[in-house]
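# Chain and residue survey
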Amino acid sequence: MKNKRKYIILLCPYLIIIAIISVEMNSDIINKKYSNLNFYSQVGSWIFFCDDIIKTIQDIVPANKSKMQRNIESFKESRQILPYNFEEHEDIENIILIQLEGIDAVSLELQYNGQDIMPNLNLLKRNYTYFENAFDQTGSGRTSDGEFLALTSLLPITNESMYLNYELGSIVSLPKILDAHNYQTVSIHGFEGSFYNRLNVHKELGYQKSYFLEDFKEEAIDSDYIGWGLSDKFILNKVYNLIKEADRKTFIHAILLSNHHPFDAVSETYDDLLIKNPQNIVEMYLNSINYTDLMIGELIENLQLLNIMDRTLIVIFSDHDSGITSEIYDYFNMEYDDSESWRYDKIPLIFCGQTNAHCEDLVVGQAEIMPMILSYLNIEIPDTCMGLNYINGKKVVYKQMHNIYAEGIDASLLSMDLITKSIILYSE
(Lines give C-alpha, C1' and ligand atoms only; values in the text may rest on other atoms or scores of the structure.)
Protein backbone atom coordinates (compact mmCIF):
# COMPACT_ATOMS: atom_id res chain seq x y z
CA MET A 1 0.00 0.00 0.00
CA LYS A 2 2.84 2.36 0.90
CA ASN A 3 4.61 1.56 -2.37
CA LYS A 4 1.47 2.22 -4.35
CA ARG A 5 1.01 5.59 -2.64
CA LYS A 6 4.68 6.37 -3.25
CA TYR A 7 4.33 5.70 -6.99
CA ILE A 8 1.22 7.84 -7.23
CA ILE A 9 2.99 10.72 -5.46
CA LEU A 10 5.95 10.40 -7.83
CA LEU A 11 3.76 10.06 -10.91
CA CYS A 12 1.59 13.13 -10.32
CA PRO A 13 4.33 15.79 -10.70
CA TYR A 14 5.61 13.93 -13.74
CA LEU A 15 2.21 14.06 -15.41
CA ILE A 16 1.78 17.72 -14.49
CA ILE A 17 5.16 18.63 -15.98
CA ILE A 18 4.41 16.72 -19.17
CA ALA A 19 1.02 18.37 -19.42
CA ILE A 20 2.46 21.87 -18.99
CA ILE A 21 5.21 21.27 -21.56
CA SER A 22 2.73 19.68 -23.94
CA VAL A 23 0.30 22.55 -23.68
CA GLU A 24 3.06 25.11 -24.21
CA MET A 25 4.48 23.28 -27.23
CA ASN A 26 1.17 22.40 -28.82
CA SER A 27 -1.24 25.06 -27.59
CA ASP A 28 -2.37 26.05 -31.07
CA ILE A 29 -3.20 22.46 -32.01
CA ILE A 30 -4.97 21.86 -28.69
CA ASN A 31 -6.96 25.05 -29.03
CA LYS A 32 -8.03 24.13 -32.55
CA LYS A 33 -8.72 20.42 -32.18
CA TYR A 34 -11.78 19.39 -34.17
CA SER A 35 -12.08 15.72 -33.23
CA ASN A 36 -10.34 13.34 -30.84
CA LEU A 37 -8.95 11.26 -33.72
CA ASN A 38 -7.51 14.30 -35.49
CA PHE A 39 -6.05 15.63 -32.24
CA TYR A 40 -4.49 12.25 -31.37
CA SER A 41 -2.89 11.92 -34.82
CA GLN A 42 -1.26 15.35 -34.54
CA VAL A 43 0.06 15.37 -30.97
CA GLY A 44 0.62 11.71 -30.10
CA SER A 45 -0.52 9.51 -27.25
CA TRP A 46 1.22 11.25 -24.30
CA ILE A 47 -0.08 14.74 -25.06
CA PHE A 48 -3.52 13.36 -25.82
CA PHE A 49 -3.46 11.47 -22.52
CA CYS A 50 -2.37 14.50 -20.46
CA ASP A 51 -4.87 16.83 -22.10
CA ASP A 52 -7.61 14.28 -21.44
CA ILE A 53 -6.63 14.13 -17.75
CA ILE A 54 -6.79 17.92 -17.47
CA LYS A 55 -10.20 18.02 -19.15
CA THR A 56 -11.47 15.22 -16.94
CA ILE A 57 -10.39 17.05 -13.78
CA GLN A 58 -12.09 20.20 -15.04
CA ASP A 59 -15.28 18.23 -15.65
CA ILE A 60 -15.17 16.58 -12.21
CA VAL A 61 -14.78 19.83 -10.29
CA PRO A 62 -18.37 21.01 -9.74
CA ALA A 63 -19.34 24.47 -10.96
CA ASN A 64 -21.04 26.87 -8.62
CA LYS A 65 -24.64 26.47 -9.79
CA SER A 66 -25.98 29.55 -8.01
CA LYS A 67 -23.15 31.66 -9.45
CA MET A 68 -23.86 30.33 -12.93
CA GLN A 69 -27.53 31.20 -12.58
CA ARG A 70 -26.62 34.70 -11.40
CA ASN A 71 -24.48 35.05 -14.53
CA ILE A 72 -27.50 34.21 -16.65
CA GLU A 73 -29.76 36.67 -14.84
CA SER A 74 -27.12 39.40 -15.01
CA PHE A 75 -26.75 38.84 -18.73
CA LYS A 76 -30.50 38.97 -19.31
CA GLU A 77 -30.81 42.19 -17.30
CA SER A 78 -27.91 43.88 -19.12
CA ARG A 79 -29.58 43.91 -22.52
CA GLN A 80 -32.88 44.01 -24.33
CA ILE A 81 -34.16 41.74 -27.13
CA LEU A 82 -36.14 43.57 -29.79
CA PRO A 83 -37.82 41.44 -32.50
CA TYR A 84 -36.86 42.34 -36.05
CA ASN A 85 -39.50 44.44 -37.72
CA PHE A 86 -40.68 41.96 -40.35
CA GLU A 87 -44.27 42.04 -41.46
CA GLU A 88 -45.51 39.00 -39.56
CA HIS A 89 -46.52 35.84 -41.43
CA GLU A 90 -48.11 33.13 -39.35
CA ASP A 91 -49.25 31.11 -42.38
CA ILE A 92 -45.78 29.96 -43.49
CA GLU A 93 -45.85 26.28 -44.45
CA ASN A 94 -42.23 25.82 -45.49
CA ILE A 95 -39.03 27.15 -43.93
CA ILE A 96 -35.77 26.35 -45.70
CA LEU A 97 -32.50 27.27 -44.02
CA ILE A 98 -29.64 27.01 -46.53
CA GLN A 99 -26.21 26.97 -44.91
CA LEU A 100 -23.51 27.94 -47.41
CA GLU A 101 -19.96 26.68 -46.96
CA GLY A 102 -17.28 29.36 -46.49
CA ILE A 103 -18.53 32.29 -48.60
CA ASP A 104 -17.66 35.95 -48.04
CA ALA A 105 -20.34 38.63 -48.44
CA VAL A 106 -18.12 40.48 -50.90
CA SER A 107 -18.53 37.54 -53.31
CA LEU A 108 -22.02 38.77 -54.21
CA GLU A 109 -20.47 41.97 -55.56
CA LEU A 110 -17.83 40.32 -57.75
CA GLN A 111 -17.77 39.98 -61.51
CA TYR A 112 -15.50 38.02 -63.82
CA ASN A 113 -15.20 39.28 -67.41
CA GLY A 114 -18.27 41.42 -66.82
CA GLN A 115 -20.35 38.48 -65.56
CA ASP A 116 -21.80 38.21 -62.05
CA ILE A 117 -20.10 35.36 -60.22
CA MET A 118 -23.19 34.76 -58.07
CA PRO A 119 -26.09 35.94 -60.26
CA ASN A 120 -28.85 34.07 -58.41
CA LEU A 121 -27.89 35.30 -54.94
CA ASN A 122 -27.59 38.77 -56.44
CA LEU A 123 -31.15 38.49 -57.73
CA LEU A 124 -32.38 37.32 -54.33
CA LYS A 125 -30.42 40.13 -52.70
CA ARG A 126 -32.28 42.69 -54.83
CA ASN A 127 -35.74 41.13 -54.50
CA TYR A 128 -35.80 40.33 -50.79
CA THR A 129 -34.19 41.47 -47.52
CA TYR A 130 -30.40 41.47 -47.66
CA PHE A 131 -28.29 42.19 -44.58
CA GLU A 132 -25.18 43.96 -45.80
CA ASN A 133 -23.56 44.10 -42.34
CA ALA A 134 -23.78 40.44 -41.34
CA PHE A 135 -20.58 39.54 -39.46
CA ASP A 136 -18.98 36.14 -38.99
CA GLN A 137 -19.23 35.26 -35.28
CA THR A 138 -17.57 31.84 -35.43
CA GLY A 139 -14.44 30.72 -33.59
CA SER A 140 -12.20 27.69 -34.07
CA GLY A 141 -15.21 25.41 -34.61
CA ARG A 142 -15.93 27.14 -37.93
CA THR A 143 -18.79 25.25 -39.67
CA SER A 144 -20.15 23.70 -36.47
CA ASP A 145 -19.88 27.13 -34.78
CA GLY A 146 -21.92 28.76 -37.56
CA GLU A 147 -24.48 26.00 -37.25
CA PHE A 148 -24.60 26.33 -33.45
CA LEU A 149 -25.04 30.10 -33.69
CA ALA A 150 -27.89 29.86 -36.19
CA LEU A 151 -29.77 27.13 -34.33
CA THR A 152 -29.36 28.34 -30.72
CA SER A 153 -28.53 32.06 -30.92
CA LEU A 154 -25.67 31.43 -28.48
CA LEU A 155 -22.04 32.40 -28.97
CA PRO A 156 -19.74 29.35 -29.17
CA ILE A 157 -17.14 29.02 -26.43
CA THR A 158 -13.62 30.10 -27.37
CA ASN A 159 -11.37 27.32 -28.73
CA GLU A 160 -13.94 24.59 -28.12
CA SER A 161 -16.21 22.64 -30.41
CA MET A 162 -19.71 22.89 -28.96
CA TYR A 163 -20.74 19.74 -30.80
CA LEU A 164 -17.89 17.65 -29.39
CA ASN A 165 -17.60 18.98 -25.85
CA TYR A 166 -21.12 19.68 -24.60
CA GLU A 167 -24.48 18.00 -24.14
CA LEU A 168 -26.88 20.34 -25.91
CA GLY A 169 -30.17 18.58 -25.27
CA SER A 170 -31.26 20.97 -22.50
CA ILE A 171 -30.94 24.27 -24.40
CA VAL A 172 -33.59 26.10 -26.40
CA SER A 173 -33.11 25.71 -30.15
CA LEU A 174 -34.82 26.67 -33.39
CA PRO A 175 -35.85 23.09 -34.31
CA LYS A 176 -37.39 22.56 -30.85
CA ILE A 177 -39.40 25.77 -31.05
CA LEU A 178 -40.64 25.01 -34.56
CA ASP A 179 -41.49 21.46 -33.50
CA ALA A 180 -43.64 22.96 -30.73
CA HIS A 181 -45.43 25.00 -33.42
CA ASN A 182 -46.28 21.89 -35.44
CA TYR A 183 -43.45 21.93 -37.99
CA GLN A 184 -41.71 18.72 -38.93
CA THR A 185 -37.99 19.45 -38.53
CA VAL A 186 -35.39 17.97 -40.87
CA SER A 187 -31.65 18.42 -41.40
CA ILE A 188 -29.68 17.22 -44.41
CA HIS A 189 -25.92 17.20 -44.98
CA GLY A 190 -23.72 15.56 -47.59
CA PHE A 191 -21.10 14.21 -45.21
CA GLU A 192 -20.98 11.50 -42.52
CA GLY A 193 -23.20 11.94 -39.50
CA SER A 194 -20.36 11.02 -37.14
CA PHE A 195 -18.31 14.04 -38.22
CA TYR A 196 -18.48 16.71 -35.52
CA ASN A 197 -20.91 14.38 -33.74
CA ARG A 198 -23.75 15.80 -35.88
CA LEU A 199 -25.85 12.65 -35.82
CA ASN A 200 -26.20 12.89 -32.03
CA VAL A 201 -26.23 16.67 -31.75
CA HIS A 202 -28.97 17.15 -34.32
CA LYS A 203 -31.17 14.84 -32.25
CA GLU A 204 -30.30 16.84 -29.11
CA LEU A 205 -31.17 20.09 -30.90
CA GLY A 206 -34.60 18.75 -31.81
CA TYR A 207 -34.48 17.53 -35.41
CA GLN A 208 -37.06 14.81 -35.90
CA LYS A 209 -35.19 13.45 -38.91
CA SER A 210 -31.62 13.91 -40.19
CA TYR A 211 -30.09 12.71 -43.46
CA PHE A 212 -26.35 12.22 -43.95
CA LEU A 213 -24.00 10.71 -46.53
CA GLU A 214 -24.59 7.18 -45.30
CA ASP A 215 -28.33 7.50 -45.91
CA PHE A 216 -27.78 8.04 -49.65
CA LYS A 217 -24.93 5.64 -50.45
CA GLU A 218 -27.15 3.18 -52.28
CA GLU A 219 -28.80 5.95 -54.29
CA ALA A 220 -25.93 8.29 -55.15
CA ILE A 221 -23.79 7.73 -58.25
CA ASP A 222 -20.25 8.97 -58.93
CA SER A 223 -21.38 12.27 -60.45
CA ASP A 224 -23.32 13.06 -57.25
CA TYR A 225 -20.08 13.48 -55.33
CA ILE A 226 -17.96 16.63 -55.29
CA GLY A 227 -15.01 16.98 -52.95
CA TRP A 228 -15.74 15.89 -49.40
CA GLY A 229 -19.14 14.37 -50.05
CA LEU A 230 -22.47 14.74 -51.83
CA SER A 231 -22.73 17.71 -54.15
CA ASP A 232 -24.77 20.84 -53.52
CA LYS A 233 -26.92 19.83 -56.50
CA PHE A 234 -27.73 16.47 -54.91
CA ILE A 235 -28.53 17.98 -51.49
CA LEU A 236 -30.71 20.79 -52.88
CA ASN A 237 -32.59 18.32 -55.09
CA LYS A 238 -33.34 16.36 -51.91
CA VAL A 239 -34.60 19.55 -50.27
CA TYR A 240 -36.94 20.11 -53.22
CA ASN A 241 -38.28 16.56 -53.05
CA LEU A 242 -38.81 16.76 -49.27
CA ILE A 243 -40.79 19.99 -49.68
CA LYS A 244 -42.75 18.61 -52.64
CA GLU A 245 -43.74 15.46 -50.74
CA ALA A 246 -44.41 17.09 -47.37
CA ASP A 247 -47.94 16.70 -46.02
CA ARG A 248 -47.52 19.15 -43.14
CA LYS A 249 -45.62 22.30 -42.22
CA THR A 250 -41.90 21.69 -42.71
CA PHE A 251 -38.57 23.17 -41.62
CA ILE A 252 -35.53 21.93 -43.54
CA HIS A 253 -31.94 22.84 -42.72
CA ALA A 254 -29.64 22.10 -45.68
CA ILE A 255 -25.90 22.16 -44.97
CA LEU A 256 -23.92 22.58 -48.21
CA LEU A 257 -20.40 21.30 -48.69
CA SER A 258 -19.11 21.62 -52.26
CA ASN A 259 -17.38 24.95 -51.63
CA HIS A 260 -15.12 23.56 -48.92
CA HIS A 261 -11.54 24.87 -48.65
CA PRO A 262 -9.23 24.55 -50.64
CA PHE A 263 -12.01 25.08 -53.21
CA ASP A 264 -10.53 22.76 -55.84
CA ALA A 265 -13.27 20.11 -55.91
CA VAL A 266 -15.66 21.89 -58.29
CA SER A 267 -12.90 22.86 -60.74
CA GLU A 268 -11.74 19.22 -60.84
CA THR A 269 -15.14 17.52 -61.29
CA TYR A 270 -17.65 19.99 -62.77
CA ASP A 271 -17.69 20.74 -66.51
CA ASP A 272 -19.52 24.05 -66.87
CA LEU A 273 -16.89 26.23 -65.20
CA LEU A 274 -16.82 30.01 -65.02
CA ILE A 275 -13.00 29.94 -65.32
CA LYS A 276 -11.88 27.06 -67.52
CA ASN A 277 -8.29 26.77 -66.30
CA PRO A 278 -8.05 28.25 -62.80
CA GLN A 279 -4.50 29.23 -61.90
CA ASN A 280 -4.77 29.92 -58.17
CA ILE A 281 -6.92 29.38 -55.10
CA VAL A 282 -9.02 32.50 -55.71
CA GLU A 283 -9.98 31.38 -59.21
CA MET A 284 -10.90 27.93 -57.87
CA TYR A 285 -12.99 29.66 -55.20
CA LEU A 286 -14.78 31.69 -57.89
CA ASN A 287 -15.63 28.52 -59.82
CA SER A 288 -16.82 26.90 -56.63
CA ILE A 289 -19.16 29.67 -55.47
CA ASN A 290 -20.49 30.10 -59.01
CA TYR A 291 -21.47 26.41 -58.96
CA THR A 292 -23.19 26.73 -55.57
CA ASP A 293 -25.05 29.81 -56.79
CA LEU A 294 -26.31 27.98 -59.88
CA MET A 295 -27.60 25.10 -57.75
CA ILE A 296 -29.49 27.50 -55.48
CA GLY A 297 -30.95 29.11 -58.60
CA GLU A 298 -32.22 25.71 -59.76
CA LEU A 299 -33.86 25.09 -56.37
CA ILE A 300 -35.65 28.47 -56.44
CA GLU A 301 -36.92 27.84 -59.97
CA ASN A 302 -38.24 24.41 -59.00
CA LEU A 303 -39.97 25.79 -55.91
CA GLN A 304 -41.58 28.53 -57.99
CA LEU A 305 -43.06 25.86 -60.27
CA LEU A 306 -44.79 24.38 -57.21
CA ASN A 307 -46.53 27.74 -56.62
CA ILE A 308 -45.61 27.72 -52.93
CA MET A 309 -43.29 30.73 -52.66
CA ASP A 310 -45.97 32.87 -50.99
CA ARG A 311 -46.11 30.29 -48.18
CA THR A 312 -42.35 29.73 -47.97
CA LEU A 313 -39.50 31.42 -46.13
CA ILE A 314 -35.97 30.75 -47.40
CA VAL A 315 -33.03 31.97 -45.31
CA ILE A 316 -29.58 31.79 -46.86
CA PHE A 317 -26.42 32.36 -44.82
CA SER A 318 -22.78 31.31 -44.76
CA ASP A 319 -21.40 29.28 -41.86
CA HIS A 320 -18.21 31.39 -41.83
CA ASP A 321 -15.98 33.44 -44.10
CA SER A 322 -13.87 31.94 -46.88
CA GLY A 323 -10.56 32.03 -45.01
CA ILE A 324 -9.00 33.75 -48.06
CA THR A 325 -10.74 37.12 -47.77
CA SER A 326 -7.61 39.24 -48.15
CA GLU A 327 -6.52 37.21 -51.20
CA ILE A 328 -9.90 37.83 -52.84
CA TYR A 329 -9.60 41.57 -52.27
CA ASP A 330 -6.07 41.53 -53.65
CA TYR A 331 -7.10 39.52 -56.74
CA PHE A 332 -9.75 42.12 -57.63
CA ASN A 333 -7.48 45.07 -56.72
CA MET A 334 -9.81 46.19 -53.94
CA GLU A 335 -8.57 48.00 -50.86
CA TYR A 336 -8.04 45.79 -47.79
CA ASP A 337 -6.72 47.14 -44.48
CA ASP A 338 -5.05 44.38 -42.43
CA SER A 339 -5.18 46.51 -39.30
CA GLU A 340 -9.00 46.53 -39.48
CA SER A 341 -9.57 43.08 -40.94
CA TRP A 342 -12.73 42.64 -38.82
CA ARG A 343 -14.51 45.13 -41.11
CA TYR A 344 -14.23 42.67 -44.02
CA ASP A 345 -15.24 39.59 -42.04
CA LYS A 346 -18.81 39.53 -43.37
CA ILE A 347 -21.02 36.73 -44.65
CA PRO A 348 -24.10 36.67 -46.91
CA LEU A 349 -27.45 36.73 -45.10
CA ILE A 350 -30.67 36.87 -47.13
CA PHE A 351 -34.28 36.47 -45.98
CA CYS A 352 -36.44 35.44 -48.93
CA GLY A 353 -40.10 35.73 -48.02
CA GLN A 354 -43.03 38.09 -48.22
CA THR A 355 -40.95 41.11 -47.24
CA ASN A 356 -40.30 44.49 -48.78
CA ALA A 357 -37.18 44.26 -50.92
CA HIS A 358 -34.41 46.29 -49.34
CA CYS A 359 -30.79 46.29 -48.24
CA GLU A 360 -30.66 46.36 -44.44
CA ASP A 361 -27.67 48.09 -42.82
CA LEU A 362 -28.37 46.80 -39.29
CA VAL A 363 -25.27 45.16 -37.79
CA VAL A 364 -26.02 41.44 -37.34
CA GLY A 365 -24.40 38.00 -37.13
CA GLN A 366 -25.33 34.33 -37.38
CA ALA A 367 -26.88 34.51 -33.88
CA GLU A 368 -29.58 36.72 -35.40
CA ILE A 369 -30.95 33.94 -37.60
CA MET A 370 -33.01 32.10 -34.98
CA PRO A 371 -34.69 35.20 -33.44
CA MET A 372 -35.26 36.71 -36.90
CA ILE A 373 -37.06 33.60 -38.13
CA LEU A 374 -39.15 33.68 -34.96
CA SER A 375 -39.84 37.39 -35.54
CA TYR A 376 -41.05 36.58 -39.05
CA LEU A 377 -43.38 33.89 -37.73
CA ASN A 378 -44.61 36.03 -34.80
CA ILE A 379 -43.27 33.51 -32.27
CA GLU A 380 -41.95 34.70 -28.92
CA ILE A 381 -38.14 34.96 -28.78
CA PRO A 382 -36.46 33.09 -25.87
CA ASP A 383 -34.72 35.37 -23.39
CA THR A 384 -31.45 33.37 -23.70
CA CYS A 385 -30.90 34.56 -27.28
CA MET A 386 -27.72 36.51 -28.03
CA GLY A 387 -29.17 37.72 -31.32
CA LEU A 388 -31.23 40.91 -31.72
CA ASN A 389 -29.67 42.24 -28.52
CA TYR A 390 -29.40 45.90 -27.58
CA ILE A 391 -27.27 47.40 -24.81
CA ASN A 392 -27.92 51.00 -23.77
CA GLY A 393 -29.91 51.45 -26.96
CA LYS A 394 -27.11 50.15 -29.20
CA LYS A 395 -27.47 47.07 -31.37
CA VAL A 396 -24.68 44.65 -30.45
CA VAL A 397 -23.23 41.58 -32.13
CA TYR A 398 -21.32 39.46 -29.64
CA LYS A 399 -17.96 38.08 -30.65
CA GLN A 400 -15.33 36.24 -28.67
CA MET A 401 -13.34 38.89 -26.78
CA HIS A 402 -15.09 41.82 -28.46
CA ASN A 403 -18.50 43.13 -29.44
CA ILE A 404 -19.23 44.77 -32.78
CA TYR A 405 -21.27 47.96 -32.86
CA ALA A 406 -22.24 49.98 -35.89
CA GLU A 407 -19.42 52.43 -35.21
CA GLY A 408 -16.69 49.88 -34.54
CA ILE A 409 -15.45 47.39 -31.98
CA ASP A 410 -15.77 48.04 -28.26
CA ALA A 411 -14.25 45.86 -25.55
CA SER A 412 -16.71 43.35 -24.15
CA LEU A 413 -17.94 43.96 -20.61
CA LEU A 414 -19.09 40.37 -20.23
CA SER A 415 -17.36 37.04 -20.48
CA MET A 416 -19.48 35.56 -23.24
CA ASP A 417 -17.86 32.15 -22.79
CA LEU A 418 -19.09 32.06 -19.19
CA ILE A 419 -22.58 33.13 -20.21
CA THR A 420 -22.86 30.44 -22.90
CA LYS A 421 -21.55 27.76 -20.55
CA SER A 422 -23.93 28.90 -17.79
CA ILE A 423 -26.92 28.74 -20.16
CA ILE A 424 -25.97 25.27 -21.40
CA LEU A 425 -25.37 23.83 -17.94
CA TYR A 426 -27.73 25.68 -15.63
CA SER A 427 -30.42 27.54 -17.51
CA GLU A 428 -33.87 26.92 -15.98
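Residues numbered from 1 in each chain as written. Predicted model: local features only at pLDDT ≥ 70, side-chain atom pairs only at ≥ 80, totals over all residues. Heavy atoms only, no water.

### A word on the overall build of the protein chain
Within the protein chain, the regular secondary structure consists of 15 helices and 19 strands. Put simply, the protein chain has 428 residues, and 53% of those count as buried. Residue pairs at least 24 apart in sequence account for 73% of intrachain contacts in the protein chain once pairs closer than 6 positions are excluded. Carbon and sulfur atoms form 49% of the exposed surface of the protein chain, whose accessible area is close to 20000 Å². (Helix = DSSP H or I, 4+ residues; strand = E, 2+ residues; numbered from the N terminus. Buried < 20%, exposed > 50% of the residue type's maximum accessible area, 1.4 Å probe, protein only. Contact = heavy atoms within 4.5 Å. Areas by Shrake-Rupley, 256 points an atom, 1.4 Å probe, with all protein chains shown as cover.)

### Some words on the sheet that holds strand β7 (residues 184-189)
Strand order in this open sheet of eight strands is β8-β7-β11-β2-β12-β13-β5-β14, and the pairing throughout is mixed. Two strands in the sheet have a free side with no partner beyond their single neighbour: β8 (209-211) and β14 (358-360). Direction aside, neighbouring strands of the sheet carry axes that sit 15 degrees apart on average. Where strand β12 (residues 312-318) lies against strand β13 (residues 349-352), four bridges are found, and the strand directions are antiparallel. Bridged to F317 within β13 is L349. Its contacts with the sheet place helix α12 (residues 281-305) against β2 (94-100) and β12, and it is angled at close to 175 degrees to β2. In this fold helix α14 (residues 369-377) packs onto β2, β5 (129-131), β12 and β13, with an angle of close to 165 degrees to the strand it touches most, β12. (Pairing = 2+ DSSP bridges. Axes fitted to C-alpha atoms, helices over the stretch in contact; angles between N-to-C directions.)

### What about α12?
End to end, α12 covers 37 Å across 25 residues, agreeing with the expected 36 Å (1.5 Å per residue, within 8%). For α12, the N-terminal capping position is held by N280, with its side-chain oxygen 3.1 Å away from the main-chain nitrogen of V282. N307 sits one or two positions beyond α12 and adopts a positive phi of about 60 degrees. (Expected span 1.5 Å × (residues − 1). Polar contact = N/O pair within 3.5 Å; in protein donor to acceptor, adjacent residues only side chain to side chain.)

### Some thoughts on the pattern of salt bridges
Across all of its chains, the model carries 11 salt bridges by this definition. Ionic pairing is found between D310 and R311, a salt bridge with its closest N-O pair at 3.5 Å. Each of E73, K76 and D383 takes part in one network of salt bridges that share partners. (Salt bridge = Lys/Arg side-chain N within 4 Å of Asp/Glu carboxyl O.)

### Some words on the nonpolar core
Core analysis: the biggest nonpolar cluster contains 59 residues, and F131, Y163, L168, L349, F351 and L377 have the highest contact counts within it. Residue contributions to this core peak at seven residues, all from α14. Residues contacting F351, with those up to four places away along its chain left out, are F86, Y128, T129, F131, L313, I314, V315, I369, M372 and I373. I96, I226, M295 and I296 belong to the second-largest nonpolar core, a separate cluster that totals 57 residues. (Core = buried A, V, L, I, M, F, W, Y, C linked by side-chain atoms within 4.5 Å.)

### Some words on the pairing of β2
Across the seven residues that make up β2, a large majority, seven, are buried. Neither face of β2 is open: one carries N94, I96, I98 and L100, the other I95, L97 and Q99, and all of them are buried. Two strands pair when backbone bridges link them, and β2 and strand β11 (residues 250-255) are joined in this way by six bridges, in the parallel orientation. In the sheet register, Q99 faces β11, and the bridge partner there is I255.

### Side note on the side chain of D145
Secondary-structure assignment places D145 in helix α6 (residues 143-152). The side chain of D145 is buried and forms no salt bridge, while R142, the nearest opposite charge, is found at 7.8 Å. In contact with D145, other than residues within four places in its own chain, are T138, G139, S140, P156, E160 and M162. (Lys, Arg positive; Asp, Glu negative; His and termini not counted.)

### What to know about the packing of helix α4 (residues 65-78) against helix α15 (residues 416-426)
The geometry of a pair of packed helices is captured by two quantities: the angle between their axes and the separation between those axes. Running from N to C, α4 and α15 point in directions that differ by 115 degrees, and their axes come no closer than 9 Å. Crossing hand, α4 versus α15: left-handed. Counting all contacts with α4, which are made through K65, M68, Q69, N71, I72 and F75, the residues of α15 involved are M416, L418, I419, K421, S422, I423, L425 and Y426. The residue inventory of the contact of α4 with α15, partitioned by class, reads nine nonpolar, three polar and two charged. (Left-handed = near helix turned anticlockwise from the far one by under 90°. Nonpolar A, V, L, I, M, F, W, Y, C, P; charged D, E, K, R; others polar.)

### Digging into the confidence of the model for the protein chain
When pLDDT is averaged across the protein chain, the result is 86; 81% of the residues are at 70 or more. Note on residues 17-43: pLDDT under 50 across the span, and 31 contacts to partners over four residues away in sequence or across chains. (pLDDT = per-residue confidence, 0-100.)

### Looking at α14
With nine of nine residues buried, α14 lies mostly within the body of the structure. Residues of α14 that are buried: I369, M370, P371, M372, I373, L374, S375, Y376 and L377. N378 lies just past α14 and shows a positive phi near 60 degrees.

### As for the packing of helix α5 (residues 119-127) against α12
Between α5 and α12, the least distance of the axes is 7 Å, while the angle of their chain directions is 55 degrees. By the criterion of interaxial angle, the relationship of α5 to α12 is oblique. Touching P119, N120, L121 and L124 of α5 are N290, D293, L294, I296, G297 and I300, all from α12. Residues belonging to the contact of α5 with α12 are distributed by class as follows: six nonpolar, three polar and one charged. (Parallel < 35°, antiparallel > 145°, perpendicular 65-115°, else oblique.)

### Thoughts on the pairing of β12
Most of β12 is tucked away, with seven of its seven residues classed as buried. On β12, burial covers both faces: T312, I314, I316 and S318 on one face and L313, V315 and F317 on the other are all buried. Relative to β12, β2 is paired through seven bridges, and the arrangement is parallel. Directly across from N94, in β12, lies its bridge partner T312.

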